[in-house]
Amino acid sequence: MNRFLNAIAITTTLILAQSCSLLLRDEGKPISAATHQYEEHSMGEINHREHSTSGAGDGKKAFTLAKLKVSSIITPNKSIPIVIDVQDSDGKAIANFDTFQEKLMHLILVSDDLQFFSHLHPTYKGNGQFEVATRFPQAGSYTFFSDYKPAGQTEQVSVLKTQVPGNSIAVPEIDLNRSKTFNDTKVNLTVSEPTVKAGKEVTLMFKLQDASNNQLLTDLQPYLGERGHLVILRQSTPLKAEDYIHAHALKDTPAGQVHFMTSFPQPGKYKLWGQFNRNGKIVTADFWINVV
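Everything quoted here is computed from the prediction, not taken from an experiment.

Visitor: I'm lost on the environment of Thr-143 in this one. Help?
Guide: By the element assignment, Thr-143 lies in strand E10 (residues 140–148). The contacts of Thr-143, once residues within four sequence positions are left out, are Ile-108, Leu-109, Val-110, Asp-112, Val-159, Leu-160, Lys-161 and Leu-239. In this structure the side chain of Thr-143 is engaged in a polar contact, spanning 2.7 Å, whose partner is the side chain of Asp-112.

Visitor: Looking at this model, I keep getting lost on the sheet that holds strand E13 (residues 185–191). Mind explaining?
Guide: Read across the open sheet, the 4 strands follow the order E12-E13-E14-E18; overall the sheet is antiparallel. Looking along the sheet, the strands with just one partner apiece sit at the ends: strand E12 (179–182) and strand E18 (257–262). Each neighbouring strand pair of the sheet contributes to a mean axis angle of 20 degrees, computed without reference to strand direction. Bridge analysis of strand E14 (residues 202–210) against E18 gives 6 bridges, and the strand direction is antiparallel. When the sheet's bridge partners are listed, Lys-207 is paired in E18 with Gln-257.

Visitor: Would you mind showing me how to read the packing of aromatic side chains here?
Guide: Each aromatic ring pair is summarised here by two numbers: the centre-to-centre distance and the angle between the ring planes. One pass over the structure, following the stated rule, counts 14 aromatic pairs. Measuring from centroid to centroid gives 5.1 Å for Phe-97 and Phe-130, while their planes differ by 75 degrees, and the two rings are edge-to-face. Of this pair, Phe-97 sits in the loop between strand E5 (80–88) and strand E6 (105–111) while Phe-130 sits in strand E9 (residues 129–134), placing them 33 residues apart in sequence. One exposure class covers both Phe-97 and Phe-130, and it is buried. Plain terms: the ring middles of Phe-136 and Phe-144 are 6.2 Å apart, the flat faces sit at 85 degrees to each other, and that makes the pair edge-to-face. A single burial state applies to Phe-136 and to Phe-144, both of which are buried. Each member of the aromatic cluster is reached from another via a ring pair, and the members are Phe-182, Phe-206, Phe-260, Phe-276 and Phe-287.

Thresholds applied
- Residues numbered from 1 in each chain as written.
- Predicted model: local features only at pLDDT ≥ 70, side-chain atom pairs only at ≥ 80, totals over all residues.
- Heavy atoms only, no water.
- Helix = DSSP H or I, 4+ residues; strand = E, 2+ residues; numbered from the N terminus.
- Contact = heavy atoms within 4.5 Å.
- Polar contact = N/O pair within 3.5 Å; in protein donor to acceptor, adjacent residues only side chain to side chain.
- Pairing = 2+ DSSP bridges.
- Axes fitted to C-alpha atoms, helices over the stretch in contact; angles between N-to-C directions.
- Phe/Tyr/Trp six-rings, centres within 6.5 Å; stacked < 30°, edge-to-face > 60°.
- Buried < 20%, exposed > 50% of the residue type's maximum accessible area, 1.4 Å probe, protein only.

What follows is the structure in structure tokens.
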């Protein structure tokens, strides 16, 4: 019989109290799972520019709790079922959600060293419960950013944590190269400002070419209802909701290019994951940006 570890983490004022729940492993020894409860901040408050196109500023704020259920023993590279329960402030399941970017929930899973990224879309099972299966590539700490909209409310982001036991692999040095090749697609990233400053709006421009001939792509298709998808995270310990940016692609950009407008809330190193649909195949292009 599987035992589950419940971790609750909600976007945050970083004030409220911390408690611990205990689970038993098969050998009967207890392990502790830190449980954090924070006041929920809407995506419209945290990153209002990134979410203006989704209407995040039009709804009402909500206080939500998200609970993560995952096996207490996770084996790297093995498919693991994930359950997320979304509740209101009274602990009652939230039954109805609004679709945004073609899904009820966007679940971003990253390793805390930002070397691993996965964009998942859990299946809604009703009564506030979402389910999905995923793999964790190696030992270490992982963070989920669960992005959803309770019906009639603003976009919410819940931050959930889990741990994969074992020895972690050394993290490679940060690569600030702005031109990379991902399988058969060459991606060049340019920024509208020579120096990216915290709090200042910038445009991030991705130029996509065929790696074999350097020709601009002509087979880009919409992804999740837009020209592309962009997630940005600031390098920090621990990763928090304030470190998360979900930007929307601009319309009417040149062929073979996808542009995003955003701002970075504070100085630091940020990792970007741009996702693009090349004739049915999703290309994920990752880059680092230094913000002063």
